[in-house]
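Structure at a glance
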Amino acid sequence: MSTVNKDAIVDVVASNLVSSANLIANIEQKSEQIKNENKEYNAFITQATKEQLIAEVEALSTNKNGVLFGVPIAIKDNIAVKEMRMTCASKMLENFDHPLYDATVVKKLKAAGAIIMGKANMDEFAMGASNETSYFGPVKNAWNTDYVSGGSSGGSAVAVATGSVYMALGTDTGGSVRQPAAFNNIVGMKPTYGRVSRFGVTAFASSLDQVGICTRTVADNAKTLEVIAGFDDYDATSSHISVPKYSALLEVNLSGKKIAVFKEFLSEGVSEEVRRVVDEAIAIYIALGATVEIISMPHLKYVVPAYYIVAPSEASSNLARFDGIHYGYRSPNAKTLEEIYTMSRAEGFGTEVRKRLLMGTYFLNHSAYDAYYIQAAKLRRLIDADFQKVFESFDIILGPTTPTPAFKFGESQKNPVDAYLHDICTIPANLIGLPAISVPGGFTKKDNLPVGIQLIGKPYDEVGVYQFAYAFEQKTHYHAYAKKGGQ
Ligand code: GLN
């Protein structure tokens, strides 16, 4: 087994504080690394220019106290960074070069001293689970380039996994941070709905979207959440609940803690290899003193249908703004007002986005609304009630992040329904807004691909989620395996 030299964020900050020469050398080295690695992985859509990096470093000279002082990071390309091109991986926004403001999360990261190295590749408008829907081409898996990176935050996950950056923000509407994290052997956290401001984040499905964090370690993840979490005047859905100092609360004794495992997450459709990894994780938690019980969650079979009604419906409304007039691409062939709308949208959006907008528009249509959207909303209630009940008796829910490890390019396109079903493990946390994390859980024996373990917690209990994740990480050290290393 080979291990990777992983400077945790604290070490990078310490090195940067030694001298400004160190800081500049570190940033230059990362910038060069990103340029080279992008040829292989395609994790970035836009890299910060030299001038932008100099300006970012200069802005730091007055503030050396930031907890992320000089730490190179990446931002998913659906989160606004002032004056840095933002495309959402779509032709629609290919030339949107001058966002006028920073998203609140970006503002907070800059204030903490982070250096934004560029905008990470993603599935178009965050719709997808393989990063193959990006207008700018797919992202390759950091572990094995024959495989997909996962998505939709594939670029963010790969940028962290290859060591180009120490942290990358993604967004998670149905698993888009946790799934690529699992595929690339990194830590991916989706906080509770409302925990982090979404001001400046391009909306996909507003009742599900949340900003998430990709890092190599649980400690780095906790440190980042401390920076970006909290109420924001600009986001009415953000919460006033106070933000704990997560990174100081990672260590805990797990004896007596109770873990639930859903039988349905270990049955049909879940690969043997993934099942073995989950069994091993269960054994580790038992050795750490926790008790584990396998329980049934009958409504789980409805989560994918409910999600694929709610998400496209909300997307069809959110993406109405891209009409060739307010924003984005305008068809040069349009001759009438009607044509400006129809042709700009037909030419500006890719196939997956158009498919979802069609579905969503149909579900919200007067004649279909009751039969689809309302039913999905009711299912959400039922699923929520199920989870509340589980949390009366358990501290956390453990399972696989995905039913299988990463797949090869083209496979998910063969059967789109199967591809949608693949999101079954991650979607519940979005439908009811729970915090959930994916941590490196081990590797498949056959192809040596990473497998993620998911932990789902109670609302606003990111502390608990991190504690369970940290205990596992410290015991297993799977996060420290070099890419292509494995067992
Ligand atoms: N794979 C899911 C989808 O395509 C989730 C995407 C996301 O979380 N942004 O909708």
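Conventions used here
Residues numbered from 1 in each chain as written. Predicted model: local features only at pLDDT ≥ 70, side-chain atom pairs only at ≥ 80, totals over all residues. Heavy atoms only, no water. Helix = DSSP H or I, 4+ residues; strand = E, 2+ residues; numbered from the N terminus. Rg over C-alpha atoms; globule rule 2.2 N^0.38 Å. Areas by Shrake-Rupley, 256 points an atom, 1.4 Å probe, with all protein chains shown as cover. Lys, Arg positive; Asp, Glu negative; His and termini not counted. Charge placed at Lys NZ, Arg CZ, Asp CG, Glu CD. Axes fitted to C-alpha atoms, helices over the stretch in contact; angles between N-to-C directions. Parallel < 35°, antiparallel > 145°, perpendicular 65-115°, else oblique. Left-handed = near helix turned anticlockwise from the far one by under 90°. Contact = heavy atoms within 4.5 Å. 1 Å grid on protein atoms, 1.4 Å probe; cavity = no way out; pocket = protein on both sides within 12 Å on 5 of 7 lines; lining within 4 Å. Points joined across faces, edges and corners; volume = space filled by probe spheres on them. Nonpolar A, V, L, I, M, F, W, Y, C, P; charged D, E, K, R; others polar. Buried < 20%, exposed > 50% of the residue type's maximum accessible area, 1.4 Å probe, protein only. Near = heavy atom within 4 Å. Polar contact = N/O pair within 3.5 Å; in protein donor to acceptor, adjacent residues only side chain to side chain. Pairing = 2+ DSSP bridges. Core = buried A, V, L, I, M, F, W, Y, C linked by side-chain atoms within 4.5 Å. Phe/Tyr/Trp six-rings, centres within 6.5 Å; stacked < 30°, edge-to-face > 60°. Lys NZ or Arg CZ within 6 Å of the ring centre and 35° of its normal. Salt bridge = Lys/Arg side-chain N within 4 Å of Asp/Glu carboxyl O. Expected span 1.5 Å × (residues − 1). Patch = residues over 30% accessible without salt bridge, like charges linked within 9 Å, V, L, I, M, F, W, Y side chains within 5 Å.

1. Side note on the overall build of the protein chain
Summing up its helical and strand segments, the protein chain has 16 helices and eleven strands in all. At 21 Å, the protein chain has a C-alpha radius of gyration in line with the 23 Å of a compact globule built from 487 residues. Summing over all exposed atoms, the protein chain offers an accessible surface of approximately 18,800 Å²; the carbon and sulfur share of this is 54%. The protein chain carries 47 positive and 51 negative side-chain charges, and their two centres are separated by 1 Å.

2. Here's the deal with the packing of helix α7 (residues 218-228) against helix α16 (residues 462-476)
It is the contact of α7 with α16, at a shortest axis distance of 9 Å, that shows an interaxial angle of 160°. Here α7 is positioned roughly antiparallel relative to α16, judged by the angle of their axes. Pair α7 / α16 crosses with left-handed handedness. Residues V218, N221, A222 and L225 of α7 form the contact with α16, whose participating residues are E462, Y466, A469, Y470 and E473.

3. Description of empty space enclosed by the protein
According to the stated counting rule, one finds three cavities of 30 Å³ or more in the structure shown. Size it by volume and the largest cavity reaches roughly 100 Å³. Surrounding the largest cavity, 15 residues form its lining, G128, G174, S176, Y307 and D423 being those nearest its centre. Of the residues contributing to the lining of the largest cavity, the split by class is six nonpolar, seven polar and two charged.

4. What to know about the environment of M343
Mapped onto the elements of the fold, M343 is located in helix α10 (residues 337-348). Judged by relative accessible area, M343 falls into the partly exposed class, the value being 22%. A C-alpha to C-alpha distance of 38 Å links M343 and L53, two positions 290 residues apart in sequence. Dropping the residues within four chain positions of it, M343 is found in contact with S331, N333, A334 and G348.

5. Quick notes on the site of the ligand
Not every one of the 15 residues close to the ligand is listed here, only the nearest: T173, G174, S176, Y307 and R356. At a separation of 2.8 Å, an oxygen atom of the ligand approaches a polar backbone atom of T173. At 3.5 Å from an oxygen atom of the ligand is found a side-chain nitrogen or oxygen belonging to Y308. Among the residues making up the shell around the ligand, the classes are represented as six nonpolar, six polar and three charged.

6. Examining the packing of helix α1 (residues 9-18) against helix α2 (residues 20-41)
Where α1 contacts α2, the axes come no closer than 5 Å and their chain directions differ by 130°. Looking at the two axes, α1 sits oblique to α2. In contact with S15, N16 and V18 of α1, α2 contributes N22, L23 and N26. Of the residues assigned to the contact of α1 with α2, the class counts are two nonpolar, four polar and no charged.

7. So, the sheet that holds strand β6 (residues 211-215)
Strand pairs in the sheet, formed through backbone hydrogen bonds, run parallel or antiparallel to each other. In space, the eleven strands of this open sheet follow the order β1-β3-β2-β4-β6-β5-β10-β11-β9-β7-β8, with mixed pairing throughout. Every interior strand has two partners, whereas the edge strands, β1 (44-47) and β8 (291-295), have only one. Within the sheet, the average angular offset between the axes of one strand and its neighbour, ignoring direction, is 25°.

8. Looking at the nonpolar core
In terms of nonpolar packing, the biggest core is built from 100 residues, with L109, L169, I228 and Y466 touching the most fellow members. Counting residues per element, this core draws most heavily on α16, at eight residues. When sequence neighbours within four positions are dropped, the list of residues in contact with Y466 reads M189, I213, V218, N221, A222, L225, Y246, L250 and I437. Core analysis: the second largest hydrophobic core is formed by 52 residues, A315, F349, L379 and A429 among them.

9. Here we look at the packing of aromatic side chains
Per the counting criterion, the structure on display carries 23 aromatic pairs. Considering the side-chain rings of F472 and Y478, the 6.5 Å spacing of their centres and the 45° angle between planes classify their relative orientation as tilted. Residue classification places F472 among the buried positions, given a relative accessible area of 1%. When the ring centre of F394 is taken as origin, the NZ or CZ atom of K258, which lies over that ring, is 5.4 Å away.

10. Section: the pattern of salt bridges
Scanning the entire structure with this criterion turns up twelve salt bridges. For D235, the salt bridge goes to R198, with nearest N and O atoms at 4.0 Å. With D235 in the loop between α7 and β7 (258-262) and R198 in the loop between β5 (187-190) and β6, this residue pair connects regions lying 37 residues apart in the sequence. With respect to class, D235 is no different from R198; both count as buried.

11. Digging into helix α8 (residues 272-287)
With 16 residues, α8 ought to run about 22 Å at 1.5 Å a step, and its terminal C-alpha atoms sit 23 Å apart, in line with that. Of all the positions in α8, only E273, V274, R276, V277, V278, A281, I282, I284 and Y285 are classed as buried. At the C-terminal side of α8, G289 shows a positive phi close to 105°.

12. Description of a nonpolar patch on the surface
A contiguous nonpolar patch, built from I325, L337 and Y341 and spanning about 270 Å² of accessible area, is present on the exposed surface. Take I325: it is sitting in the loop between α9 (303-318) and α10. According to the relative accessible area criterion, I325 is partly exposed, its value standing at 39%.

13. Looking at the environment of I294
One can find I294 in strand β8. Take I294: its relative accessible area is 47%, and that puts it in the partly exposed class. Sequence spacing of I294 and A469 is 175 residues, and the spatial spacing of their C-alpha atoms is 19 Å. Setting aside residues up to four positions removed in sequence, I294 forms contacts with V261, K263, L266 and I282.

14. As for the side chain of K190
Considering the arrangement of structural elements, one finds K190 in strand β5. In this structure, K190 is buried with no salt-bridge partner, the nearest side chain bearing the opposite charge being D172 at 6.0 Å. One polar contact links the side chain of K190 to the main-chain carbonyl oxygen of L434, over a distance of 2.9 Å. If sequence neighbours within four positions are ignored, K190 has contacts with D172, R178, Q210, A429, N430, G433, L434, P435 and A436.

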